[in-house]
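Summary of the model geometry
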Amino acid sequence: MQPKARKAYVPGLAALLVAVVAGCSGGGGADGTTTDTKPGGPTTATAAQPGKYRTLREPCGSVPRSMLKDLLPGVASLPEDQRAKVYEGTAAVTYDTDRRVGCAWKAASPDASNQLMIDLERVVSYDPAVSDADRAQEVYAKAETAAGLPAATAPGAPGGMPSATGSGAGTDAGTDADSGTSTQTGETGSPSGTPSGSASGSGTITPDGTPSDGTTPDGLEPRVLENLGDAAFLDDVLARSGAAAQQRTVSVVFRTSNVIVTVRYTEQPAHPTVVPDSRELQDKARELARTLAEQLNE
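Residues numbered from 1 in each chain as written. Predicted model: local features only at pLDDT ≥ 70, side-chain atom pairs only at ≥ 80, totals over all residues. Heavy atoms only, no water.

Topic: the overall build of the protein chain
Helices and strands together make up the secondary structure of the protein chain, namely 5 helices and 7 strands. For the protein chain, the succession of helices and strands along the chain, N to C, is α-α-α-β-β-β-α-β-β-β-β-α. Counting across all 298 residues of the protein chain, residues that qualify as buried make up 41%. Long-range pairs, those at least 24 residues apart, make up 60% of the contacts in the protein chain between residues at least 6 apart in sequence. Surface accessibility of the protein chain: about 15900 Å² in total, with carbon and sulfur atoms responsible for 54%. (Helix = DSSP H or I, 4+ residues; strand = E, 2+ residues; numbered from the N terminus. Buried < 20%, exposed > 50% of the residue type's maximum accessible area, 1.4 Å probe, protein only. Contact = heavy atoms within 4.5 Å. Areas by Shrake-Rupley, 256 points an atom, 1.4 Å probe, with all protein chains shown as cover.)

What to know about the packing of aromatic side chains
What the rule picks out here adds up to 1 aromatic pair. Plain terms: the ring middles of Y140 and F233 are 5.7 Å apart, the flat faces sit at 55 degrees to each other, and that makes the pair tilted. Placement of Y140 in helix α4 (residues 132-146) and of F233 in strand β5 (residues 231-241) is noted, with a sequence separation of 93 residues between them. (Phe/Tyr/Trp six-rings, centres within 6.5 Å; stacked < 30°, edge-to-face > 60°.)

With respect to helix α5 (residues 278-296)
Taking 1.5 Å of rise per residue, the 19 residues of α5 would be expected to cover 27 Å, and the 27 Å separating its terminal C-alpha atoms lies within 8% of that figure. Within α5 the residues assigned to the buried category are S278, L281, Q282, K284, A285, L288, A289, T291, L292, A293, Q295 and L296. Capping the start of α5 is the job of one residue whose side-chain oxygen sits 3.2 Å from the backbone nitrogen of R279: D277. (Expected span 1.5 Å × (residues − 1). Polar contact = N/O pair within 3.5 Å; in protein donor to acceptor, adjacent residues only side chain to side chain.)

Thoughts on empty space enclosed by the protein
Per the counting criterion, the structure on display carries 2 cavities of 30 Å³ or more. Here the second largest cavity defines a volume of roughly 30 Å³. (1 Å grid on protein atoms, 1.4 Å probe; cavity = no way out; pocket = protein on both sides within 12 Å on 5 of 7 lines; lining within 4 Å. Points joined across faces, edges and corners; volume = space filled by probe spheres on them.)

Some thoughts on the pattern of salt bridges
In the structure shown here, the tally under the stated rule is 9 salt bridges. Note that R57 and E298 form a salt bridge whose closest N and O atoms lie 3.7 Å from each other. With a gap of 241 residues between them, R57 in the loop between α1 (11-25) and α2 (65-71) and E298 in the segment after α5 connect regions that are remote in the sequence. Through salt bridges with shared partners, one network takes in D70, E280 and K284. (Salt bridge = Lys/Arg side-chain N within 4 Å of Asp/Glu carboxyl O.)

Looking at the pairing of strand β6 (residues 245-256)
Of all 12 residues that make up β6, 12 are buried, and the element is covered over most of its length. Burial of β6 is two-sided: the residues A245, Q247, T249, S251, V253 and R255 facing one way and the residues Q246, R248, V250, V252, F254 and T256 facing the other way are all buried. In terms of strand pairing, β6 meets strand β7 (residues 259-269) through 9 bridges, oriented antiparallel. Considered in β7, the bridge of R255 is made with I260. From the end of β6 to the start of β7, which pair antiparallel, there are 2 residues, and S257 there has a positive phi angle of about 55 degrees. (Pairing = 2+ DSSP bridges.)

What to know about the side chain of N258
Mapping N258 onto the fold places it in the loop between β6 and β7. When near neighbours in sequence (up to four residues on either side) are disregarded, N258 contacts G51, K52, Y53, E121, R122, V123, D132, A133 and A136.

What about the environment of P217?
Within the secondary structure layout, P217 lies in the loop between α4 and β4 (223-225). Once the C-alpha coordinates of P217 and R279 are considered, the two residues, 62 residues apart in sequence, prove to be 8.3 Å apart.

Regarding the nonpolar core
Counting residues in hydrophobic clusters, the biggest one holds 36 residues, and the most contacted among them are I118, F254, V263 and L288. Contributing elements (two or more residues each) for this core: α2, α3 (80-88), β2 (100-108), β3 (112-122), β5, β6, β7 and α5. The greatest single-element share of this core, amounting to 7 residues, is contributed by α5. Ignoring anything within four residues of it in the chain, the contact list for I118 reads P59, V63, V101, G102, C103, W105, T262, V263, L288 and L292. Counting 11 residues, the second-largest nonpolar core is a separate cluster that includes V139, A147, V253 and I260. (Core = buried A, V, L, I, M, F, W, Y, C linked by side-chain atoms within 4.5 Å.)

So, the pairing of β2
Of the pairings in the sheet, the one linking strand β1 (residues 90-91) to β2 comprises 2 bridges and is antiparallel in character. When the sheet's bridge partners are listed, A91 is paired in β2 with C103. As paired elements, β2 and β3 share 9 bridges and run antiparallel to each other. Among the inter-strand pairings, V101 is bridged to a residue of β3, identified as L120. The antiparallel hairpin formed by β2 and β3 contains 3 residues in its connecting segment.

Some thoughts on the confidence of the model for the protein chain
Detailed reading of the predicted coordinates is not advisable wherever pLDDT is low. Averaged over every residue, the pLDDT of the protein chain is 75; the share at 70 or more is 62%. For the stretch residues 153-172, pLDDT sits under 50, and the model shows 57 contacts to residues farther than four places along the chain or on other chains. (pLDDT = per-residue confidence, 0-100.)

Quick look at the structure:
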């Protein structure tokens with residue numbers, strides 16, 4: 001009987017196979033991340049954190065009835081059935097209510113007409129290296145710049161409030177380029193008009209403290225706000241509506257994580273010589289903004 005032929009053993013081939021197997025299995029981690037094995041040490045690429053908010057609140061039910069009564073004094077003179085309809089508000093038309101929602105209210109009285117609008121936008125980043133919150137901050141920053149807030153004055157100067165510098169008008173937070181949504185109430189911002197800017201000190205002062213020339217009183221100029229969300233600002237615009245009536249619009253815009261909220265409150269007195277009270281409108285708009293911010297944190 002002849003002995004069985006032995007298979008030849010090639011050490012070089014075995015080493016090559018081991019190297020190939022090691023190379024194929026060494027590029028990925030157990031958690032799905034990728035590892036860079038180039039010289040200089042391994043690095044792991046991770047996706048940016050998603051935003052805190054995945055949905056949005058129903059907007060028309062977000063404003064308490066007690067606040068609506070204060071913001072829309074003209075509703076009190078309406079019949080009961082009409083009051084209920086006004087308080088319900090008109091929801092903005094959007095393509096995706098998880099991305100953007102809004103609501104508007106309007107009421108008139110013999111003394112003035114008032115309009116209220118709120119807009120909530122949930123920003124989503126489609127760049128894996130940019131978080132939703134960072135993308136929202138970019139959108140917010142553009143809105144703050146577009147508002148054209150006056151530059152901060154020197155410490156101790158009248159009306160000196162910390163603010164951003166800009167040259168635009170209005171408070172248009174815009175539509176997130178990634179959201180693909182729009183609202184019936186229009187873009188997030190105030191009507192066109194010249195920003196009120198700083199009070200010049202000229203002209204007389206009305207009994208409510210508002211200069212008769214329509215400028216904004218010292219300390220109430222458009223400005224950055226503190227203790228409201230992660231970032232916030234207020235804009236105050238006085239413009240003429242029609243031939244003579246003066247209309248003041250106060251807008252408060254703030255960001256909380258990846259959600260940007262806009263409150264826009266407008267008053268137009270019935271008498272053309274009456275200037276809307278800047279302090280009163282700002283106080284009401286800021287109070288509502290704080291309420292919405294608290295709801296987002298619930």
